[in-house]
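# Geometric and topological summary
In case you want the letters, here they are:
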Amino acid sequence: MSNKIDSNEKPELLNSIIGLIDQTRHFVAKTVNQELTLLYWKIGKNINDEILKNDRADYGKKIIPALSSELTKKYGIGFNKRNLQSFIKLNSTIEDFTILHTVCAKLSWSHIRVLIYIENNIKREFYIQMSVHERWSVRILQERIDSMLFERTAISKKPEQTILNDLELLKTEKQISPDLTFRDPYFLDFLGLHDSYSEKDLENSILAQLQHFITEMGSEFAFLARQKRIIIDDEDFYIDLLFYHRGLRRLVAIDLKLGKFKAGYKGQMELYLRWLEKNEQKEGENKPIGLILCSEKSPEQINYLMLDR
């Protein structure tokens, strides 16, 4: 005798139970995410208060690794050093617990962890409200930040109070203003773009303006190439901009990254510089140098990369 339910029998009952299970699982996951985010804020506040109390510049650098070591032993990798730094940043960025309570009810900790590293308050609020309104995934949110969506939106050129009013309207009334919807025509005109363009078009246009800007900085900079192709191990690589600086007597390679700085960018630039040193550097010239231009900084990664300095 089989205990299996025929899919044609009582489908309403089965579907209703599945619906209840899925609904409860979603509610539990949302509740857990909210409570964890609030916990992380409280941990960050405790650490910040302790650092302020001791009033020593090196205290924070010592206490965080020690706390991380003990908490990781007891609770696992969720309390590693990197995460503790994020908890501290969360408390420093969103100081009002009530505001955080509202935000974490709508966005996951993964969203919030991306948002807290946006230094400009209005820009951060823009991405918070747009993430909620558009229901962006974390991946989409990061892509929007990397592509400078806020700067490309017409509202970014409005007075501060106008931006806040429009974001408040979006938050409370779910009404999105035209300035939040349309791209800034001045930004597009400056870059020579039209209403329809790809992220590659944006990058190329910024490079073109950057090339013009650096050339106008003085006669010491001599433009050599844009998207200079080099071949290593039968693989093509492209240096965004290549200049020669007469005063420094060296090549200057520039790499443009629209998103936050990543440690891997340093290795890529070092590869370019070694290639230039071997294949392009002339006798009597100094070694090439590189500039990595990003729309956002990653101070902790940079600090680690500079440990040998």
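Here is what the cut-offs are and how they apply
Each residue is numbered by its place in its chain's sequence as written, counting from 1. Totals for whole chains, interfaces and linings use all residues, but because this is a predicted model, local features are given only for residues with pLDDT of at least 70 and pairs of side-chain atoms are given and counted only at 80 or more. Side-chain measures were taken over the full set of non-hydrogen atoms in the model, leaving aside hydrogen atoms and water. The secondary structure listing takes helices from DSSP runs of H or I that are at least 4 residues long and strands from runs of E that are at least 2 residues long, numbered from the N terminus. For the exposure calls, accessible area comes from a 1.4 Å probe over protein chains only, and a residue counts as buried if that area is under 20% of its type's maximum, exposed if over 50%, partly exposed in between. The contact rule is simple, with two residues in contact once any of their heavy atoms fall within 4.5 Å. Only the protein chains shown count as covering a residue, and every accessible area follows the Shrake-Rupley method with a 1.4 Å probe. Take the residue count of a helix, subtract one, and multiply by 1.5 Å to get its expected span. Two aromatic rings, drawn from Phe, Tyr or Trp (for Trp, its six-membered ring), form a pair once their centres lie within 6.5 Å of each other, and the interplanar angle then sorts them: stacked below 30 degrees, edge-to-face above 60, tilted otherwise. Note that His is not counted, nor are the chain ends; the positive residues are Lys and Arg, and the negative ones are Asp and Glu. Just to be clear on terms, a salt bridge is a Lys or Arg side-chain nitrogen sitting within 4 Å of an Asp or Glu carboxyl oxygen. Confidence scores here are pLDDT values: one per residue, from the predictor, ranging 0 to 100. Only C-alpha atoms enter the line fits that serve as axes; for helices the fit covers just the stretch in contact. Angles between N-to-C directions range over 0 to 180 degrees. Orientation labels follow simple angle bins: below 35 degrees gives roughly parallel, above 145 gives roughly antiparallel, 65 to 115 gives roughly perpendicular, and whatever is left gives oblique. Crossings are classed by handedness, with left-handed meaning an anticlockwise turn of the near helix from the far one by less than a right angle and right-handed meaning a clockwise turn. Between any two strands, at least two bridges found by DSSP are needed for them to pair. Whenever two N or O atoms come within 3.5 Å, that pair is a polar contact, provided that in protein one can donate a hydrogen and the other can accept it, and provided that, for residues adjacent in sequence, both atoms are side-chain atoms.

## As for the overall build of the protein
Helices and strands together make up the secondary structure of the protein, namely 14 helices and four strands. Within the protein, the fraction of its 309 residues that count as buried is 36%. Within the protein, counting contacts between residues at least 6 apart in sequence, those at least 24 apart form 59% of the total. Working note: accessible area of the protein is about 19400 Å², and carbon and sulfur atoms make up 54% of it.

## Describing helix 3 (residues 81-93)
The terminal C-alpha atoms of helix 3, which comprises 13 residues, lie 18 Å apart, in line with the 18 Å expected from a rise of 1.5 Å per residue. Within helix 3, the full set of buried residues consists of N83, L84, S86, F87, I88, K89, L90, N91 and T93. The secondary structure elements touched by the buried residues of helix 3 are helix 1 (11-54), helix 2 (59-75), helix 4 (97-104), helix 5 (109-115) and helix 6 (121-134).

## Looking at the packing of aromatic side chains
What the rule picks out here adds up to eleven aromatic pairs. With a centroid separation of 4.2 Å and an interplanar angle of 10°, the aromatic rings of Y40 and F87 are classed as stacked. Highlighted residues: Y40 in helix 1 and F87 in helix 3, separated in sequence by 47 residues. Y40 sits in the buried class, given a relative accessible area of 12%.

## A few points about the side chain of E285
Here E285 shows up in the loop between helix 13 (263-279) and strand 4 (289-296). One buried charged residue, E285, forms no salt bridge at all, with the nearest opposite charge on K282 at 7.0 Å. Setting aside residues up to four positions removed in sequence, E285 forms contacts with Y244, R249 and E280.

## Remarks on the confidence of the model for the protein
Here the protein shows a mean pLDDT of 80. Residues at 70 or above account for 78%. Per-element confidence in the protein ranges from a low mean pLDDT of 48 for helix 11 (residues 185-191) to a high of 94 for helix 5. Confidence over residues 184-188 falls short of pLDDT 50; this stretch has twelve contacts with residues more than four positions distant or in other chains.

## A closer look at the packing of helix 1 against helix 4
To describe two helices that pack against each other, one gives the angle between their axes and the distance between the axes. Packing of helix 1 against helix 4 leaves a shortest axis separation of 9 Å and a crossing angle of 150°. Considering the angle they form, helix 1 stands roughly antiparallel to helix 4. Classified by chirality, the crossing of helix 4 by helix 1 is right-handed. Facing helix 1, whose interface residues are N33, Q34, T37, L38, W41 and K42, helix 4 presents F97, L100, H101 and C104.

## As for the pairing of strand 3 (residues 250-260)
The buried fraction of strand 3 amounts to nine of the eleven residues, a majority that puts the element mostly inside the structure. Between strand 2 (residues 235-245) and strand 3, which follow one another and run antiparallel, lie four residues, and R249 among them has a positive phi close to 55°.

## Notes on the pattern of salt bridges
Evaluated as defined, the whole model comprises eleven salt bridges. As a salt-bridge pair, E143 and R139 come within 2.8 Å of each other at their nearest N and O atoms. Here E143 and its partner R139 are both found in helix 7 (residues 138-146), four residues apart, which amounts to about one turn of the helix. Since its relative accessible area comes to 35%, E143 is described here as partly exposed. Classification of R139 as exposed rests on a relative accessible area of 54%. Taking the shortest distance from any N to any O, the salt bridge between E280 and K228 comes out at 3.5 Å. Taken as a pair, E280 in the loop between helix 13 and strand 4 and K228 in strand 1 (residues 221-232) lie far apart in primary sequence, 52 residues in all. Within this structure, R274, E277 and K287 form a network of salt bridges that share partners.

## Thoughts on the environment of L271
Position of L271 relative to the elements: it lies in helix 13. Taking relative accessible area as the criterion, L271 reaches 33% and is therefore assigned partly exposed. Counting along the chain gives 34 residues from L271 to F237, while the straight-line C-alpha distance between them is 9.9 Å. In contact with L271, other than residues within four places in its own chain, are I232 and F237.

## A word on helix 6
Here helix 6 is 14 residues long and its end C-alpha atoms lie 20 Å apart, about the 20 Å a rise of 1.5 Å per residue gives. Taken as a whole, helix 6 has its buried residues at I122, K123, R124, F126, Y127, I128, Q129, M130 and S131. Its side-chain oxygen placed 3.0 Å from the backbone nitrogen of I122, N120 serves as the N-cap of helix 6. One or two steps after helix 6, the chain reaches R135, where phi turns positive at roughly 55°.

## Some points on unusual backbone geometry
For R135, which is not glycine, the phi dihedral falls at a positive 55°. Assignment of secondary structure puts R135 in the loop between helix 6 and helix 7. Phi angles above zero are rare outside glycine, and D233 is one such case at about 55°. Residue position: D233 is located in the loop between strand 1 and strand 2. By relative accessible area, D233 is classed as exposed at 73%.

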